[in-house]
Structure formats: C-alpha cells, structure tokens
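As a plain string of letters, each chain reads:
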Amino acid sequence: MNTKPDRNLGMELVRATEAAAIKASAFIGRGDKNAADKAAVDAMREFLSTVDFAGTVVIGEGEKDEAPMLFNGEVVGNGNGPECDVAVDPVDGTSVTASGRAHAISVIAVSDRGSMYNPQDVFYMDKLVTSAAGRGAVSLDQSPEENVRELAKALKKDVSDITVAMIDRPRHVPLQEAVRRAGGRTRLFLDGDVAAGIHAVTGGGNIDMLLGIGGAPEGTITACATKALNGFMQGRIAPQSPEEMKKAIEAGHDLNRIFEMDDLVKSDNTYFVATGVTDGLLLDGVQKHGDYLTTDSIILRSRSGTIRRVKADYLAARWR
C-alpha cells in the first residue's frame, strides 16, 4: 500500500466536493442551514467512499455540529490507496447558503497520515494569513496596527492600500477600529473564513491579510491551502466562553502558543479541494443552464505547487 497521497488524488476528491456543493445548492435561500448541511454531508460521504485512499477524518463535522456522519475518527475511502488525514467542511458557510448570500464553498483537505493538527475540544482560533511576504514581518504577537504597517512595508504598498479581511462579528469591532486607525481598510464577510484566507495569500479580491477569530477546524484546513500556495499563516487557540476555556485547558491546550503553518499541518504533501456553492470571489456557485448544472472548483497541491481550476457540467436530472 502507498503511504503518501498520490498525484491523482485531487482529481478524485473534487468529485466529492462537487457532489456536496450540488446537493447543498438546492437549499440556497431556503432558510434551512441544517438541511443544506445534511444534504452536503450525505453526498460528500457517499463519493468519498469510492476514492482510492485510506482516509481518517481528523477534522469533521464534529461535536459542534453533532454530526452523525463525517465525524472525527471516521474512516473514509475504499482503503485501496495511501493512508491520509482528512479534513472536511461539506459547506463552509451554511448560514450564507441558507440566506442566499455569497462565498459558501464545499471543502476537503488531505495530508499524509498523522500530520494534521486536530483542535479537539476547541471551536475557535485567532488566525493571521498573508502571502509569503508576511513571513518575518507580521505576527499574532504584534498589534493589528503594527501588522498593517509592517505588511505594507513588506508588500511595498502604501498603508492606505492594505485591506484586511475578517468575519463580521461584534467581537471584531475593536479589530476593525485598529486596522482603520493604522490607515488600512477592512473587508468584512458573513461566514466561513477559508476562502478569505486563500485570498489573503493570492491577493484575490484585493485582500492582503486575514485577521481575527474564526473556526479552529477551518484553521487547519486553511493551513493546507496556504502551504500549497507558499503563503504565511499563524494561529492561536481562542476560547469564546468560560466553558470552552475550561475544556481546552483540561484537554492540554496551551492558550498562549502561536501555531505556525507547520504546526497545523506537518506534511509538505497537502491537498486542498473546494467547489463553490454560492457565487463568491474565489469560486462561482453551482449554476443551472437548461438541463445541466455547472460547478466551479479549485485543486491545490503543495508538493507539486499546482493550482487547477475545474469546470464541470452534470445532467441536472441525475441529482434529483
């Protein structure tokens, strides 16, 4: 048996994200985020069972979502290929899918077995993501103002041209104010920070940096993508309630530790695969054209440095 993910794995995995995105798309704007998530989970799990690998879900739907499938520790794949750690988010942005808003995606990340950090017992992480230019210039140990100024120097930009993305939550109001005091701009989004993290690496959407507290599982997923794009990332556990803090400490988490990218995913052979559910800056959402559904996906692999965009058409009748 192979022990490393092979070069064809990304093209197999994308079928699972396509299936999840298509099934979730039936619930766009219908106000039922749980139905969208369930449809995506069911579809992703079914397709993953056909993939040539022996995957163990390290980051799944998990305790936060009380998921009966794609849970942490579940074995996926047909067992005939490489042994891998798997992180899944069938819909990163269930709320925006339910409300018919932008930027929801379906995601799978894969790396060598035993290489992914599992943020068990914690739900939230403070994250910083930039392009490679941020390495040595920005840090979670620095203030937001300092990070804005130092990244501007590293990118050879005026501070006024630096745009910082963050989830639009009350907890980030002080962060927004700090970025603006430094002379930078903010880009707020409603849910799901994986796509915004990728933009911070590539500069897409005129985003230069992702800052702020989002999902801890999504932190490891973002690390797989960031590594494939040769970007820079740091994370730090950020409990949002006394109960979560107590649970994290009891589980042995160091709340002061800054996780570098290699702490979040040790492997240099990572895959990141995503398909758009709703239209966004990173990917187009699922579109219906007559009898066909069109999906838009991206496949990233760190070892080869490849970035693939995949457009696929499916007969709509197949997905009823």
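The rules behind each value
- Residues numbered from 1 in each chain as written.
- Predicted model: local features only at pLDDT ≥ 70, side-chain atom pairs only at ≥ 80, totals over all residues.
- Heavy atoms only, no water.
- Helix = DSSP H or I, 4+ residues; strand = E, 2+ residues; numbered from the N terminus.
- Rg over C-alpha atoms; globule rule 2.2 N^0.38 Å.
- Buried < 20%, exposed > 50% of the residue type's maximum accessible area, 1.4 Å probe, protein only.
- Contact = heavy atoms within 4.5 Å.
- Areas by Shrake-Rupley, 256 points an atom, 1.4 Å probe, with all protein chains shown as cover.
- Lys, Arg positive; Asp, Glu negative; His and termini not counted.
- Charge placed at Lys NZ, Arg CZ, Asp CG, Glu CD.
- Salt bridge = Lys/Arg side-chain N within 4 Å of Asp/Glu carboxyl O.
- Polar contact = N/O pair within 3.5 Å; in protein donor to acceptor, adjacent residues only side chain to side chain.
- Pairing = 2+ DSSP bridges.
- Expected span 1.5 Å × (residues − 1).
- Axes fitted to C-alpha atoms, helices over the stretch in contact; angles between N-to-C directions.
- Parallel < 35°, antiparallel > 145°, perpendicular 65-115°, else oblique.
- Left-handed = near helix turned anticlockwise from the far one by under 90°.
- Nonpolar A, V, L, I, M, F, W, Y, C, P; charged D, E, K, R; others polar.
- 1 Å grid on protein atoms, 1.4 Å probe; cavity = no way out; pocket = protein on both sides within 12 Å on 5 of 7 lines; lining within 4 Å.
- Points joined across faces, edges and corners; volume = space filled by probe spheres on them.

(A) Geometry of the overall build of the protein. When its secondary structure is counted, the protein shows ten helices and 14 strands. The C-alpha atoms of the protein give a radius of gyration of 19 Å, which matches the 20 Å a tight globule of 320 residues would have. Counting the 320 residues in the protein, one finds 57% classified as buried. A fraction of 70% describes how many contacts in the protein between residues 6 or more apart in sequence connect residues 24 or more apart. Summing over all exposed atoms, the protein offers an accessible surface of approximately 13,500 Å²; the carbon and sulfur share of this is 46%. Of note, the protein has its 37 positive side-chain charges centred 3 Å away from the centre of its 45 negative side-chain charges.

(B) Examining the environment of L255 more closely. Note that L255 resides in the loop between α9 (242-250) and β10 (259-260). When neighbours within four sequence positions are excluded, L255 is seen to be in contact with R236, I237, P239, M245, A248 and I249.

(C) Examining the side chain of E12 more closely. Here E12 shows up in helix α1 (residues 9-25). Despite its burial, E12 remains without a salt bridge, the nearest opposite charge being carried by R15 at 4.8 Å. At 3.0 Å, the side chain of E12 and the backbone nitrogen of D52 are in polar contact. Residues within four places of E12 in sequence aside, it is in contact with T50, V51 and D52.

(D) Representation of the pairing of strand β8 (residues 209-215). Burial within β8 is extensive, with seven of its seven residues counted as buried. In this sheet, β8 lies alongside strand β5 (residues 124-130) in antiparallel orientation, the contact comprising six bridges. Following the sheet pairing, Y124 is matched in β8 by G215. Bridge count for strand β6 (residues 163-167) against β8 is two bridges, and the pairing is parallel. Among the inter-strand pairings, A165 is bridged to a residue of β8, identified as L210.

(E) Structural view of helix α8 (residues 216-228). For α8, with 13 residues, the first-to-last C-alpha span of 19 Å sits near the 18 Å given by 1.5 Å per residue. Across the 13 residues of α8, twelve count as buried, placing the element largely inside the fold. Taken residue by residue, α8 has A216, E218, G219, T220, I221, T222, A223, C224, A225, T226, K227 and A228 as its buried positions. Where α8 ends, the next residue or the one after it, N230, has phi of about 60°, a positive value.

(F) Focus on the packing of helix α5 (residues 144-155) against helix α6 (residues 173-181). As a packed pair, α5 and α6 sit with axes 8 Å apart at the nearest point and diverge in direction by 40°. The angle between α5 and α6 falls in the class oblique. At the point where α5 passes α6, the crossing takes the right-handed sense. Residues P144, E145 and V148 of α5 form the contact with α6, whose participating residues are L175, A178, V179 and R181. For the contact of α5 with α6, the class distribution of residues is five nonpolar, no polar and two charged.

(G) A look at the layout of surface pockets. Volume-wise, the second largest pocket comes out at about 240 Å³. Every residue lining the second largest pocket is counted, 21 residues in all, and those nearest its centre are A102, H103, L188, F189 and L281. Considering only residue class, the lining of the second largest pocket consists of 13 nonpolar, five polar and three charged.

(H) Broad picture of the side chain of S106. Its location among the elements puts S106 in strand β4 (residues 105-112). Accessibility expressed as a relative area gives 0% for S106, which makes it buried. A polar contact is formed between the side chain of S106 and the backbone oxygen of P90, at a distance of 2.9 Å. Residues within four places of S106 in sequence aside, it is in contact with T17, A20, A21, M44, D89, P90, V273, A274, T275 and V277.

(I) Seen up close, the sheet that holds β6. Across the sheet, which stays open at both edges, the six strands sit in the order β7-β6-β8-β5-β9-β10 with mixed pairing between neighbours. Across the chains shown, the open sheet's two edge strands, defined by having one partner strand only, are β7 (185-189) and β10. α6 contacts β6, β7 and β8 of the sheet and is inclined by roughly 150° relative to β7. Sheet contacts for α8: β5, β8 and β9 (232-237); angle to β5, the most-contacted strand, approximately 20°.

(J) Local environment of the pairing of β6. Most of β6 is tucked away, with five of its five residues classed as buried. Where β6 and β7 come together, five bridges link them in parallel fashion. The residue of β7 that forms the bridge with V164 is T186.

(K) Representation of unusual backbone geometry. The phi angle at H103 is positive, at roughly 80°, despite the residue not being glycine. Unlike most non-glycine residues, N206 shows phi in positive territory, near 60°. Of note, N206 is situated in the loop between α7 (194-202) and β8.

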